[in-house]
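# Architecture and fold: a report
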Amino acid sequence: MLYRKLGRTALNVSPLCLGTLNLGVRTTRDEAFALMDEALEQGINFFDTANQYGWQVHKGLTEEIIGEWFAQGGGRRERVVLGTKVCNPMSDLPNDRGLSARHIIASCGDSLRRLRTDWIDVYQMHNVDPSTSWEEVWQAMETLVHQGKIRYVGSSNFAGWHLADAQAAAARRNFLGIVSEQCVYNLATRFVETEVVPAAQAHGIGVLAWSPLHGGLLGGALRKLDDGTAVKTAQGRAALALETRRDAISHYEKLCAEIVLDPAQVALAWLLSRPGLTAAVIGPRTTAHLAGALDTLDLRLPDEVLDRLDELFPPIGNGRPAPAAWLD
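## Examining the overall build of the protein chain
- Check the secondary structure of the protein chain and you find twelve helices and ten strands.
- At 19 Å, the protein chain has a C-alpha radius of gyration in line with the 20 Å of a compact globule built from 328 residues.
- When the backbone C-alpha atoms are referred to their principal axes, the protein chain occupies close to 55 × 45 × 40 Å.
- Looking at the protein chain as a whole, 54% of its 328 residues are labelled buried.
- Of the contacts made within the protein chain by residues no fewer than 6 positions apart, 77% connect residues no fewer than 24 positions apart.
- Accessible surface, the protein chain as shown: approximately 14300 Å² in total, 51% of it carbon and sulfur.
- For the protein chain, the separation between the mean place of its 32 positive charges and that of its 38 negative charges on side chains is 3 Å.

In structure tokens:
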């Protein structure tokens, strides 16, 4: 495993980050344990979760499962770079959401308790909170750093100007600020290349791509629908995108067949080669899915294949601001 620095920090993370959205929801507790054990054994040291994950059962469930896994010992916690998130509502209470100092500090304590750990490596703002000033946000984050409860601060779903604004406010306080930005990024959704990725590169912020297969769209969606094995592909963003991009996906799957590679591996290999990208956040449900993702680490797509992918999924505006129609 060739590790990468997380943004401008000295922290080493694997280029594949284990996303845990499925744990406890689409996997059982035992399956989740096996998946995390296998990821760690294969060199994946970067795990990502959020305080609200598991909401289909109850919010906080996924953190609880990870905490039970850590509690087994064996150096599990020490070997993992752990990221979790704060901002989204955790209850109907008016102060149990957002990025107020009260909620950031209280939520951190709740996450630490569920995760059965003393510290969080990357504490990520799940979304922007326009009602909270950066002065308040950074005051809370500085408190947590000084208390030893978090090591770094990350963001998720920020625009490029949010990153610049946040970093300017952090610099005024002589605080490190944001070190990672987690955004939706894949062949079918490239609008972050216009402003978010350049802003992240300019400020030394590592880019973490969530939904690298666009909810299964890029993982052989048409083939799976035809043979009745589609799971995520038949719902959510993948199903919506397929309504308007069926022709491109059809040509994409034909290209993958020509070069004798699985569509999911091609999509991941393309993403891992992108400038500014630190890690792809994968969400395997089984160890077999995990093995397929690991196979992409040694995969280098030829220039002619990369050119054909650009033709099928062209970059938006060649660096100009993204059309509003793409921001859905």
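## Let's talk about the pattern of salt bridges
- Tallied over the full model, the rule gives 13 salt bridges.
- Across the pair Glu193 and Arg190 runs a salt bridge, and its minimum N-O distance is 3.1 Å. Note on accessibility: Glu193 and Arg190 belong to one class, buried.
- Between Asp310 and Arg190 there is a salt bridge whose closest N-O contact spans 2.8 Å. Of this pair, Asp310 sits in helix α12 (residues 303-312) while Arg190 sits in the loop between β8 (178-184) and α7 (196-202), and the two are 120 residues apart along the sequence.
- Judged by relative accessible area, which is 28%, Asp310 ranks as partly exposed.
- Look at the salt bridges and you will find they share partners, linking Arg190, Glu193, Arg274 and Asp310 into a network.

## Here we look at the packing of aromatic side chains
- This structure, assessed with the given rule, holds seven aromatic pairs.
- Aromatic pair Trp138 and Phe175: ring centres 5.5 Å apart, planes at 55 degrees, arrangement tilted. Of this pair, Trp138 sits in helix α5 (residues 134-146) while Phe175 sits in the loop between α6 (160-172) and β8, and the two are 37 residues apart along the sequence.
- The interplanar angle of 75 degrees and the centroid separation of 5.6 Å between the aromatic rings of Tyr252 and Phe313 together place this pair among those described as edge-to-face. In this pair, Tyr252 is assigned in helix α9 (residues 236-258) and Phe313 in the segment after α12, connecting sequence segments 61 residues apart. Considered together, Tyr252 and Phe313 belong to a single accessibility category, that of buried residues.
- Here a set of aromatic residues connected by ring pairs shows up, and it is made of Trp134, Trp138, Phe158 and Phe175.

## As for the sheet that holds strand β4 (residues 46-48)
- The strand order β3-β4-β5-β6-β7-β8-β9-β10 describes a closed barrel built from eight strands, whose pairing is parallel. Strand-to-strand twist in this sheet, taken as the mean axis angle between neighbours without regard to direction, amounts to 30 degrees.
- In terms of strand pairing, strand β5 (residues 81-86) meets strand β6 (residues 120-125) through four bridges, oriented parallel. Of the residues in β6, the one forming a bridge with Thr84 is Tyr123.

## Observations regarding the environment of Val197
- Counting through the fold element by element, Val197 comes out in helix α7.
- Here Val197 falls in the buried class, since its relative accessible area comes to 5%.
- Separated by 37 residues in sequence, Val197 and Gly160 have C-alpha atoms that sit 7.5 Å apart.

## Comments concerning α9
- Taking 1.5 Å as the rise per residue, α9 with 23 residues should run 33 Å; its terminal C-alpha atoms sit only 28 Å apart, a clear shortfall.
- Its maximal kink placed at Arg245, α9 deviates by approximately 90 degrees.
- Residues of α9 that are buried include every one of Ala238, Ala241, Leu242, Arg245, Ala248, Ile249, Tyr252, Glu253, Leu255 and Cys256, and no others.
- Phi for Val260, located one or two positions after α9, is positive at around 55 degrees.

## Description of the side chain of Asn186
- As for its position among the elements, Asn186 is in the loop between β8 and α7.
- A polar atom in the side chain of Asn186 sits 2.9 Å from the backbone nitrogen of Ala188.
- Here the side chain of Asn186 touches His214 through a polar contact of 3.2 Å, side chain to side chain.
- Discounting chain neighbours no more than four positions away, the residues touching Asn186 are Ser211, Pro212, His214, Leu218 and Trp270.

## Some remarks on the pairing of β8
- β8 sits mainly inside the fold: seven of its seven residues count as buried.
- Note: strand β7 (residues 150-156) against β8, four bridges, orientation parallel. Of the residues in β8, the one forming a bridge with Val153 is Ile178.
- As a crossover connection, the stretch from β7 through α6 into β8 is right-handed.
- In this sheet, strand β9 (residues 206-210) lies alongside β8 in parallel orientation, the contact comprising five bridges. Following the sheet pairing, Val184 is matched in β9 by Trp210.
- Handedness of the crossover is the feature at issue here: the chain leaves β8, passes through α7, returns alongside β9, and the resulting connection is right-handed.

Rules and cut-offs
- Residues numbered from 1 in each chain as written.
- Predicted model: local features only at pLDDT ≥ 70, side-chain atom pairs only at ≥ 80, totals over all residues.
- Heavy atoms only, no water.
- Helix = DSSP H or I, 4+ residues; strand = E, 2+ residues; numbered from the N terminus.
- Rg over C-alpha atoms; globule rule 2.2 N^0.38 Å.
- Buried < 20%, exposed > 50% of the residue type's maximum accessible area, 1.4 Å probe, protein only.
- Contact = heavy atoms within 4.5 Å.
- Areas by Shrake-Rupley, 256 points an atom, 1.4 Å probe, with all protein chains shown as cover.
- Lys, Arg positive; Asp, Glu negative; His and termini not counted.
- Charge placed at Lys NZ, Arg CZ, Asp CG, Glu CD.
- Salt bridge = Lys/Arg side-chain N within 4 Å of Asp/Glu carboxyl O.
- Phe/Tyr/Trp six-rings, centres within 6.5 Å; stacked < 30°, edge-to-face > 60°.
- Pairing = 2+ DSSP bridges.
- Axes fitted to C-alpha atoms, helices over the stretch in contact; angles between N-to-C directions.
- Expected span 1.5 Å × (residues − 1).
- Bend = angle between axes of the 7 residues up to and from the residue.
- Polar contact = N/O pair within 3.5 Å; in protein donor to acceptor, adjacent residues only side chain to side chain.
- Right-handed = clockwise from strand over helix to strand, strands pointing away.

Geometry only, nothing functional implied.
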